[in-house]
Amino acid sequence: FFFLMIRRPPRSTQSRSSAASDVYKRQIQNPEYDADLSHVHVSDFGNIAYENIPTTDVEKILEKLQQKVSLFRSKGSIPFVVGGTKELSFATIRGTQVTPGRKLGVINLSDTIDAQPCYDYNKIDQCSWLRVLLEKKTEMNGNIELVCLGSVGDRITKEGKEFIETNTDKHNIIFNKDLSKHTSEALSRGASLFKEALNFLSACDEVHLILSLEVINSSFCPGVSNPLTVGGFTVEDITDIFLEAGRSSKIVSVDISGFNPAVEDFRTGRLISALIYYFVLGYSSRVKQ
């Protein structure tokens with residue numbers, strides 16, 4: 001079973017996005033992939049409510065998200081979280097790792113490596129969440145193994161990169177400029193990169209997939225706060241990755257961050273819905289098997 005959980009991003013528009021219009025419903029029967037999605041159960045578990053929680057109290061909001069993810073994981077579901085700032089990945093990963101003795105790997109599709117020191121008295125923020133996660137390894141099942149895809153050199157620090165190198169069991173960083181080097185004749189670039197990442201994490205029992213929308217070239221994904229104008233993933237890359245992720249039994253949770261509908265919500269909203277659809281499309285073959 002696949003469960004969908006949406007977190008409302010910060011500063012989101014109050015009106016319903018036009019990207020969610022009933023006119024644009026995606027098909028249950030997909031003749032292009034000869035796929036039938038009718039046997040896949042998808043549920044929307046709504047938003048993480050901010051009632052009685054100050055928006056500045058990030059830890060309490062993340063704790064609430066972590067509890068929800070942990071609940072769904074304990075029921076054998078796949079939580080799929082969509083939101084704004086990147087620290088939601090901290091809560092999703094912490095909630096994902098609920099199986100004692102099983103090693104967790106992370107595939108991080110992001111323009112940044114968020115391992116900078118905390119700015120405000122060790123409080124988690126979108127630039128430091130990965131550092132805090134790795135520092136709390138004693139609360140998890142040991143160190144995680146990590147693959148970073150699409151990192152942009154002018155958006156990461158040398159200190160952050162070195163922290164990753166010394167605080168993970170195993171890591172691999174493929175920079176934005178090197179994405180095209182990781183292709184094969186048999187697979188598209190996106191599928192090839194995903195397969196390579198999974199092979200690198202072969203010792204892991206379970207894998208969490210992260211997508212920061214800011215790693216996608218802004219010509220395809222304009223609804224973000226820090227658009228990437230040079231290089232980055234294409235829509236074809238990302239949809240192929242999500243299709244393959246749905247097919248892989250190792251992928252147990254997914255989060256998408258960076259959506260800022262105050263900047264643009266139609267094209268980016270449609271892209272997010274497409275990524276969810278392609279993941280479910282891939283997952284339908286996993287269920288049939």
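Refer to the structure printed above.
Residues numbered from 1 in each chain as written. Predicted model: local features only at pLDDT ≥ 70, side-chain atom pairs only at ≥ 80, totals over all residues. Heavy atoms only, no water.

## As for the overall build of the protein
- When helices and strands are tallied, the protein shows seven helices and nine strands.
- Counting across all 289 residues of the protein, residues that qualify as buried make up 54%.
- In the protein, of all internal contacts separated by at least 6 residues, the share reaching a separation of at least 24 is 79%.
- Summing over all exposed atoms, the protein offers an accessible surface of approximately 13,100 Å²; the carbon and sulfur share of this is 50%. (Helix = DSSP H or I, 4+ residues; strand = E, 2+ residues; numbered from the N terminus. Buried < 20%, exposed > 50% of the residue type's maximum accessible area, 1.4 Å probe, protein only. Contact = heavy atoms within 4.5 Å. Areas by Shrake-Rupley, 256 points an atom, 1.4 Å probe, with all protein chains shown as cover.)

## Re the environment of Asn-172
- With respect to the secondary-structure elements, Asn-172 resides in strand 7 (residues 170–175).
- By relative accessible area, which is 23% here, Asn-172 ends up partly exposed.
- Asn-172 sits 24 residues away from Cys-148 along the chain, and the two C-alpha atoms are 6.2 Å apart.
- In this structure, Asn-172 is in contact with Leu-146, Val-147, Cys-148, Glu-196 and Phe-200, ignoring residues within four places of it in sequence.

## Looking at the nonpolar core
- Judged by nonpolar contacts, the single largest core of 45 residues is most densely connected at Ile-107, Leu-109, Leu-211 and Phe-242.
- Of all the secondary structure elements, the ones that give two or more residues to this core are strand 4 (80–82), strand 5 (104–109), strand 6 (145–151), helix 5 (189–200), strand 8 (206–212), helix 6 (235–247), strand 9 (251–257) and helix 7 (266–288).
- Broken down by element, this core gets its largest block of residues, nine residues, from helix 7.
- The residues contacting Leu-211, other than those within four sequence positions of it, are Leu-109, Ile-216, Ile-238, Phe-242, Asp-255, Ile-256, Ser-257 and Leu-275. (Core = buried A, V, L, I, M, F, W, Y, C linked by side-chain atoms within 4.5 Å.)

## Looking at the environment of Thr-168
- Structurally, the position occupied by Thr-168 is in the loop between helix 4 (158–167) and strand 7.
- In this structure the C-alpha to C-alpha distance between Thr-168 and Glu-145, which are 23 residues apart in sequence, comes to 5.9 Å.

## Quick notes on unusual backbone geometry
- For Asp-34, which is not glycine, the phi dihedral falls at a positive 50 degrees.
- Position of Asp-34 relative to the elements: it lies in the loop between strand 2 (29–30) and strand 3 (35–36).

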